[in-house]
Amino acid sequence: MRSVLLVLALCASPAFAEIEAARDLMEAGEFAQAKAALEPAARSGNADAEELIGVMYAMGLGVERDDQRAFEWYLRSAMKGHPGAQSGIGWYYEIGRGVEKDLVRAYMWYTLSAIGGDPDAAISLEEVVKKMSREEIEKAHVLIADYKPWMYPFR
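Quick summary incoming for the structure in this document.

Mapping His82 onto the fold places it in the loop between helix H5 (67-78) and helix H6 (83-95). In this structure the side chain of His82 is engaged in a polar contact, spanning 3.1 Å, whose partner is the side chain of Asp48. If near-sequence neighbours (up to four positions away) are discounted, His82 is found in contact with Ala47, Asp48, Glu51 and Ser77.

This is the structure we're talking about:
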């Protein structure tokens, strides 16, 4: 019962409504309006809003494509446990676009994303592991052991 009340409270929050409205604007191609709608929630630390602004910068939707800004918005969201943003950070590290290529960190972020429930993260992990040495994988597991209890204390 308590979890149902929590879900209802989250869905009724103004930030949730603003983010859903912004998603609708993005689907309609109204990217400038969507970004304006997302910014207050993102500046307040809402991980969903941060991730969506990251998507906008990553893809150049309503803004000039800027990999460094995309990475920073994804990182803010990823550090709060947002699986989609974590997968985005993993991709940036895997490809080395906007940041220095780092397969150890790519593997770490994909793993955290998979733990958080991103279904595509497992596919990304399969691909990145093909490019890694055993030592790199072991280093990634050390980082995962550091981050996982902090981000996902009950998993």
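Here the narrative resumes, following the displayed structure.
So, on to the packing of helix H4 (residues 47-59) against H5. Running from N to C, H4 and H5 cross one another at 160°; their axes reach a closest spacing of 8 Å. When the axes of H4 and H5 are compared, the pair comes out roughly antiparallel. H5 is crossed by H4, and the crossing has left-handed handedness. For the pair H4 and H5, the contacting residues are Ala47, Glu50, Glu51, Ile53, Gly54, Val55, Tyr57 and Ala58 in the first and Asp67, Arg69, Ala70, Trp73, Tyr74, Arg76 and Ser77 in the second. Class assignment for the residues of the contact of H4 with H5 results in 8 nonpolar, 2 polar and 5 charged.

Bringing the nonpolar core into the picture now. Note on soluble globular proteins: their nonpolar side chains tend to be buried together. With 41 residues, the main nonpolar core has Leu38, Tyr107, Trp109 and Val128 as its most contacted residues. Within the residue set of this core, elements represented by two or more residues are helix H2 (14-27), helix H3 (31-43), H4, H5, H6, helix H7 (103-116), helix H8 (121-129) and helix H9 (134-151). If one sorts the elements of this core by residue count, H7 sits on top with 8 residues. Each residue touching Trp109, except ones within four places of it in the same chain, is listed here: Leu75, Ala78, Met79, Gln86, Ile89, Gly90, Tyr93, Tyr147 and Met151.

Here the focus is H7. The end-to-end C-alpha distance of H7 is 20 Å, a good match for the 20 Å that 14 residues give at a rise of 1.5 Å each. With respect to burial, H7 is a largely interior element, 10 of its 14 residues being buried. Turning to H7, the residues buried within the fold contact H5, H6, H8 and H9. Where H7 begins, the side chain of Asp102 points an oxygen toward the backbone nitrogen of Val104, at a separation of 3.1 Å. Where H7 ends, the next residue or the one after it, Gly117, has phi of about 110°, a positive value.

The next subject is the pattern of salt bridges. Throughout the structure, instances matching the rule amount to 8 salt bridges. Of the charged contacts, one joins Lys131 and Glu94 as a salt bridge, the two residues approaching to 2.7 Å between their closest N and O atoms. One end of the pair, Lys131, is in the loop between H8 and H9; the other, Glu94, is in helix H6, with 37 residues separating them in the sequence. Among the charged side chains, a network of salt bridges with common partners joins Arg65, Asp67 and Arg97.

Note that Lys35 resides in helix H3. Engagement of the side chain of Lys35 in a polar contact is seen with the side chain of Glu39, the distance being 2.5 Å.

Calculation rules
- Residues numbered from 1 in each chain as written.
- Predicted model: local features only at pLDDT ≥ 70, side-chain atom pairs only at ≥ 80, totals over all residues.
- Heavy atoms only, no water.
- Helix = DSSP H or I, 4+ residues; strand = E, 2+ residues; numbered from the N terminus.
- Polar contact = N/O pair within 3.5 Å; in protein donor to acceptor, adjacent residues only side chain to side chain.
- Contact = heavy atoms within 4.5 Å.
- Axes fitted to C-alpha atoms, helices over the stretch in contact; angles between N-to-C directions.
- Parallel < 35°, antiparallel > 145°, perpendicular 65-115°, else oblique.
- Left-handed = near helix turned anticlockwise from the far one by under 90°.
- Nonpolar A, V, L, I, M, F, W, Y, C, P; charged D, E, K, R; others polar.
- Core = buried A, V, L, I, M, F, W, Y, C linked by side-chain atoms within 4.5 Å.
- Buried < 20%, exposed > 50% of the residue type's maximum accessible area, 1.4 Å probe, protein only.
- Expected span 1.5 Å × (residues − 1).
- Salt bridge = Lys/Arg side-chain N within 4 Å of Asp/Glu carboxyl O.

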